[in-house]
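A closer look at the structure
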Amino acid sequence: MRERTTIDLNRVEGDLEVRVDVEDNVVRDSWCVGTMYRGYEQVLVGRAPSDVLVIVPRICGICSTAQLYAGVRALEDAYDIQPAPNGVRVRNLCLMAEAVMNDARQTFVMFCPDFCHAAYRSHPLYDKMVTAFEPPIKGYFARQAVLRSKGMLGVITAFAGQWPHATYMAPGGVTCEVTAEKLAKCEAAIDEYQSWYEAEVLGCSSDQWMGLHTAEGFLGWLEEHPDTGAGLYAGFGRSLGLQQLGLGSRYLLSCGCYPRPDNNGFLMPGGHLNGERVEPFDHHQVREHTRYSWFADYGPTHPWDSITKAEHGPDRGQYSHAKATRYANQVVQLGPMVDLFLAGDPLIASWMRAEGPNAWLRQLTRLYRPVVVMQLMRQTIAELRAESSEPAMVWLTDVPDDAQGFGAVNAARGTLCHWICIRDGKISNYQVITPTTWNASPRDSEGRRGHWEESLIGLTVPDPENPLHLGHIVRSHDPCLVCTTHMIRTSQRRNFTPY
Amino acid sequence: MLDPVPTFGSQRTTTPSRKAGIPPTLLWIGCGSCSGESMAILGVDGQATDFLDLLEHDGIRLLWHPSLSLEPLAPIVDRVLNRALPLTLLCVEGSIATGPDGTGLFDTFDGQPKRDLVYELCSVADYVLALGTCASYGGIPAAPPNPTAAVGLQYADGQPGGLLGNDWRSRKGLPVVNVAGCAADSDTMVLAMRWLLAGDPDPAQLDHFGRPTFVRPCLSGADRPKCGTAQWVGHSCYGCIGQKFPLSRELLKWTEARKCASELLLT
């Protein structure tokens, strides 16, 4: 007999409900529902374009820097201006710090506490999990993640003064001063974080960690370092079989990571994995579908052309406040694992070839990536020192009254896209598609499930009251629902009738 | 270079309930929020205090936080509303959606308006804190055209009222404590909670917007009480959005930004 269960997931940012149909303890169908809407795009319409810089960071308190960066890039694209290279470098430093902070907090405070669930009590490694990850912020690594990531945020506050939500990026670069003192402060913050990370999370040097180019090499490291932060995660996760779960869509999407200072592409290239080929990322291939969302259904539409129209009925099975986003008419997957794979990282590529884009690898990437990013941070500081006489800002003289622009950066959870239309000097349309929007997407006009929904099909759920593996799979995506469900643009009555 | 945000106090307080052996409890609920206060209170460089201090030094028993707790919210809510669990501090983050059309269904919990859950929790809490400008006054979601008909806990459209109404008082007789800011910073949030836990907080220490006296503009200092944003990033926010958003005028001007930056370089 098929039973429908609604699971309320916490330790995701924001609110998420997942509904599954379970028959014979196997998930047969699934629906992802974001339950909270705020209306940021409506708030932006009619305002001066410069207000983007104050408002869009507030879309998300976790990736505030990424939202600001995407917004400023959309404005620069609309105004057709190139930012000062040093401005790009400062922006990158702050975005990199945000990713490093996020990966520690999400891994040790939000994901790993799942391993402390009483259902795992008889697991031989259970006591180690509790010692390491017991919530709330009691386990060793849970406490360390919070204490240490605080210092990493010093990189951002050196320039921005505060975090989250500071407006130190503007079209043309950054508005804050860039001084030798600030760069020294950033370097000290990285030194301190890296030395903790190497000692406790990796149990080896960053060079040795970056030298693990293959899955076999990694397993050799794991055998020698089982009690490090990364080792505890990796060992327990594999013992649960997380590497066989939650693969989802094989079509992968990334705009790239960290814009180049010459504004010609990204430091780490992105792309679209389309079968065997990697094709360039092209935002013109993005479409929003509203067949199963509470909007009028005009069919797949590009964000610049989006039409605002409420639709209360007829009932066609709508269930989400979020639109279904598709790329090149495919269901795609985004995230740091995807970002690193498309950038050609050897370890991530080796694991992907061996086991596919599974939940275990997805979360492992958040233990691996900070080392990559800290290298990029040091390189960026070195460049800022070398170019210290160059400005960090190219001030605008005047701006057009009519324009449209697109901006994308890599948020901690994957590619973040902003689209802006300006008419008569005011914002006429603003669209934000977050990485979680892609991943948590409902069904599209063709009835295809979104990536998460698909990744749950076939999952064994022995106890629907405690769907632990479902939680592992969804949390392996580091979901951020606060960003994702900001998108509804109309007054719309939610309808919770059964479907 | 400006000093970092000053520490408003890292005193360790012993609360009356601690002396009696019953730890004060805290339940944190997120509404129409960006999680900014949750992230801020986990700790930011330059802040002397954070959530760990509350858990480890002040001995607060955390009943639930959306990002930190193992279990989902529903079982905890049942026990709190049934008075099986006492609730000392209710921390609310995010604006309260009352739309569409008064239903509150733009933000739901278990199929019901989050607004209704918050209302019930407020009625059983000793003290209620609105953490951040969204929970205090509606914040950016309440800016025109206010798509979700968002309100603060005890303010809406810049006037007393909001979800609870002007006359509402908590079980211990205080109105909602508005820790305004966007995001509110960790030291200020911790100080507000400690002020309440110290016992017998004086409502006269709340200003006419319900803010305790230690709520300051962004990046200000004890010796420099005005907003320090302009000096840090070269421009100021018009009408301090940490206070009472919404504003219908421009928030930021290029000329202002350029002027501040030039001044900075000249000094």
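Description of the structure in this document.

Right, let's get into the overall build of chain A. Broken down by element type, chain A carries 18 helices and 15 strands. With respect to the principal axes defined by its C-alpha atoms, chain A has extents near 65 × 60 × 40 Å. Burial analysis of chain A (499 residues in total) assigns 68% to the buried set. Residue pairs in contact within chain A that sit at least 24 positions apart in sequence constitute 72% of those at least 6 positions apart. Total accessible area computed for chain A in this model is approximately 15500 Å², and 48% of it derives from carbon and sulfur atoms. Side chains of chain A carry 46 positive and 57 negative charges; the gap between the two charge centres is 4 Å.

Across its full length, chain B carries 9 helices and 11 strands. Taken over 267 residues, chain B has a buried fraction of 62%. For chain B, contacts bridging at least 24 residues in sequence account for 67% of all contacts bridging at least 6. Of the accessible surface of chain B, which amounts to about 9900 Å², a share of 51% is contributed by carbon and sulfur atoms.

Contacts between the two partners involve 76 residues from chain A, matched on the other side by 72 residues from chain B. In this structure, the connection of chain A to chain B is made through 3 salt bridges. Notably, a salt bridge pairs Asp50(B) with Lys150(A), separated by 3.0 Å at the nearest N-O pair. Linking chain A with chain B are 15 residue pairs in polar contact (both at pLDDT 80 or more). If you list the elements that add at least two residues to the side of chain A that touches chain B, you get helix 1 (40-44), helix 2 (52-55), helix 4 (85-111), helix 6 (140-152), helix 7 (154-160) and helix 8 (180-202) of chain A. Each residue belonging to the side of chain A that touches chain B can be placed in one class, and the counts come to 36 nonpolar, 21 polar and 19 charged.

Further remarks concern the sheet that holds strand 9 (residues 271-274) of chain A. Residues and elements named next belong to chain A. In spatial order, the strands read 6-9-10; together these 3 strands make up an open sheet with antiparallel pairing. Because the sheet does not close on itself, it has two edges, and the strands there are strand 6 (252-254) and strand 10 (277-279). Neighbour-to-neighbour, the strand axes of the sheet open up by a mean angle of 20°, direction not taken into account. Sheet analysis places strand 6 next to strand 9, joined by 3 bridges and oriented antiparallel. Among the inter-strand pairings, leucine 252 is bridged to a residue of strand 9, identified as leucine 273.

Once that is clear, we can look at the pattern of salt bridges. Residue and element names in this part refer to chain A. Throughout the structure, instances matching the rule amount to 34 salt bridges over all chains. Between aspartate 103 and arginine 369 there is a salt bridge, with its nearest N and O atoms 2.8 Å apart. In this pair, aspartate 103 is assigned in helix 4 and arginine 369 in helix 14 (residues 359-386), connecting sequence segments 266 residues apart. The class for aspartate 103 is buried, based on a relative accessible area of 1%. With a shortest N-O distance of 3.2 Å, arginine 449 and glutamate 454 are connected by a salt bridge. Residue class for glutamate 454 comes out partly exposed when judged on its relative accessible area of 36%. In this structure, a network of salt bridges that share partners links the residues Asp29, Arg443, Arg449, Glu453 and Glu454.

Turning our eyes to something else, we now look at the packing of helix 10 (residues 215-224) of chain A against helix 13 (residues 346-355) of chain A. Residues and elements named next belong to chain A. Relative orientation of the contacting elements helix 10 and helix 13 amounts to 100°, with a least axis distance of 8 Å. Classed by the angle they form, the pair helix 10 and helix 13 counts as roughly perpendicular. When helix 10 is examined against helix 13, the residues Ala215, Phe218 and Leu219 are found in contact with a partner set consisting of Leu347, Ser350 and Trp351. Among the residues forming the contact of helix 10 with helix 13, the class breakdown is 5 nonpolar, 1 polar and no charged.

All names here are of chain B. Within strand 1 (residues 25-30), 6 of the 6 residues are buried, which leaves it mostly tucked inside the rest of the structure. Burial along strand 1 is two-sided: the face carrying Thr25, Leu27 and Ile29 and the face carrying Leu26, Trp28 and Gly30 are both buried. Alignment of strand 1 against strand 2 (residues 61-64), held across 3 bridges, turns out to be parallel. Bridge pairing links threonine 25 to arginine 61 in strand 2. Two elements, strand 1 and strand 3 (residues 87-93), share 5 bridges in a ladder whose sense is parallel. Bridge pairing in strand 3 links isoleucine 29 to valine 92.

Residues and elements named next belong to chain A. Counting through the fold element by element, histidine 418 comes out in strand 14 (residues 414-423). A distance of 3.5 Å separates a polar side-chain atom of histidine 418 from the backbone nitrogen of glycine 71. Here tyrosine 430 takes part through its side chain, which lies 2.7 Å from a polar atom of the side chain of histidine 418.

With that settled, the discussion passes to the nonpolar core. Core analysis: the biggest nonpolar cluster contains 196 residues, and Tyr168(A), Trp209(A), Phe218(A), Met377(A), Phe51(B), Leu129(B) and Met193(B) have the highest contact counts within it. Here this core gets 15 residues from one element, more than from any other, and that element is helix 4 of chain A. Discounting chain neighbours no more than four positions away, the residues touching Met377(A) are Leu93(A), Met96(A), Ala97(A), Val100(A), Met152(A), Val155(A) and Ile190(A). Residues Leu27(B), Ala130(B), Ala135(B) and Leu153(B) belong to the second largest nonpolar core, which totals 31 residues.

This paragraph deals with empty space enclosed by the protein. Overall, the coordinates contain 11 cavities of 30 Å³ or more when judged by the stated rule. Of the voids in this model, the largest cavity is the one considered here, and its volume is about 220 Å³. Taken together, 25 residues line the largest cavity, and the ones lying closest to its centre are Gly14(A), Asp15(A), Gly30(B), Pro66(B) and Lys114(B).

The next subject is the sheet that holds strand 2 (residues 16-23) of chain A. Strands in a sheet are paired, the pairing made by backbone hydrogen bonds, and the direction either parallel or antiparallel. Residues and elements named next belong to chain A. Spatial ordering of the open sheet is given by 1-2-3, a layout of 3 strands whose pairing is antiparallel. Lying at the two open borders of the sheet, with one neighbouring strand each, are strand 1 (3-9) and strand 3 (26-34). In this sheet, adjacent strand axes meet at a mean angle of 20° when their direction is disregarded. Taken together, the 8 bridges between strand 2 and strand 3 define a ladder with antiparallel strand orientation. The partner of valine 18 across the bridge, within strand 3, is cysteine 32. In this fold helix 17 (residues 468-475) packs onto strand 1 and strand 2, with an angle of close to 50° to the strand it touches most, strand 1.

Right, let's talk about the pairing of strand 15 (residues 426-433) of chain A for a bit. Looking along a regular strand, one sees the side chains alternate between the two faces of the sheet. All names here are of chain A. The element strand 15 is extensively covered by neighbouring structure, given that 6 of its 8 residues are classed as buried. Relative to strand 15, strand 14 is paired through 7 bridges, and the arrangement is antiparallel. Within strand 15, the position partnered with tryptophan 419 by the bridge is glutamine 431. Hairpin connection between strand 14 and strand 15: a loop of 2 residues separates the two successive antiparallel strands, and aspartate 424 in this loop has a positive phi of roughly 50°.

Turning our eyes to something else, we now look at unusual backbone geometry. With an omega dihedral of -10°, the bond running from Pro135(A) to Pro136(A) counts as a cis peptide bond. For Pro136(A), the position within the fold is in the loop between helix 5 (126-133) and helix 6. For the peptide bond that leads from Pro144(B) to Pro145(B), omega is 5°, which places it in the cis range. Along the chain, Pro145(B) turns up in the loop between helix 6 (133-137) and strand 8 (150-151). Of note, the phi angle at His165(A) is positive, near 70°, even though the residue is not glycine. Following the sequence through the fold, His165(A) ends up in the loop between helix 7 and strand 4 (169-170). The buried category is assigned to His165(A), whose relative accessible area is 2%. Backbone geometry places Asp200(B), a non-glycine residue, at a positive phi of 55°. Among the structural elements, Asp200(B) can be located in the loop between helix 7 (186-197) and helix 8 (229-233). Looking at Asp200(B), the relative accessible area reads 75%, which means it is exposed.

What counts as what
- Residues numbered from 1 in each chain as written.
- Chains lettered and ligands numbered in written order.
- Predicted model: local features only at pLDDT ≥ 70, side-chain atom pairs only at ≥ 80, totals over all residues.
- Heavy atoms only, no water.
- Helix = DSSP H or I, 4+ residues; strand = E, 2+ residues; numbered from the N terminus.
- Buried < 20%, exposed > 50% of the residue type's maximum accessible area, 1.4 Å probe, protein only.
- Contact = heavy atoms within 4.5 Å.
- Areas by Shrake-Rupley, 256 points an atom, 1.4 Å probe, with all protein chains shown as cover.
- Lys, Arg positive; Asp, Glu negative; His and termini not counted.
- Charge placed at Lys NZ, Arg CZ, Asp CG, Glu CD.
- Salt bridge = Lys/Arg side-chain N within 4 Å of Asp/Glu carboxyl O.
- Polar contact = N/O pair within 3.5 Å; in protein donor to acceptor, adjacent residues only side chain to side chain.
- Nonpolar A, V, L, I, M, F, W, Y, C, P; charged D, E, K, R; others polar.
- Pairing = 2+ DSSP bridges.
- Axes fitted to C-alpha atoms, helices over the stretch in contact; angles between N-to-C directions.
- Parallel < 35°, antiparallel > 145°, perpendicular 65-115°, else oblique.
- Core = buried A, V, L, I, M, F, W, Y, C linked by side-chain atoms within 4.5 Å.
- 1 Å grid on protein atoms, 1.4 Å probe; cavity = no way out; pocket = protein on both sides within 12 Å on 5 of 7 lines; lining within 4 Å.
- Points joined across faces, edges and corners; volume = space filled by probe spheres on them.

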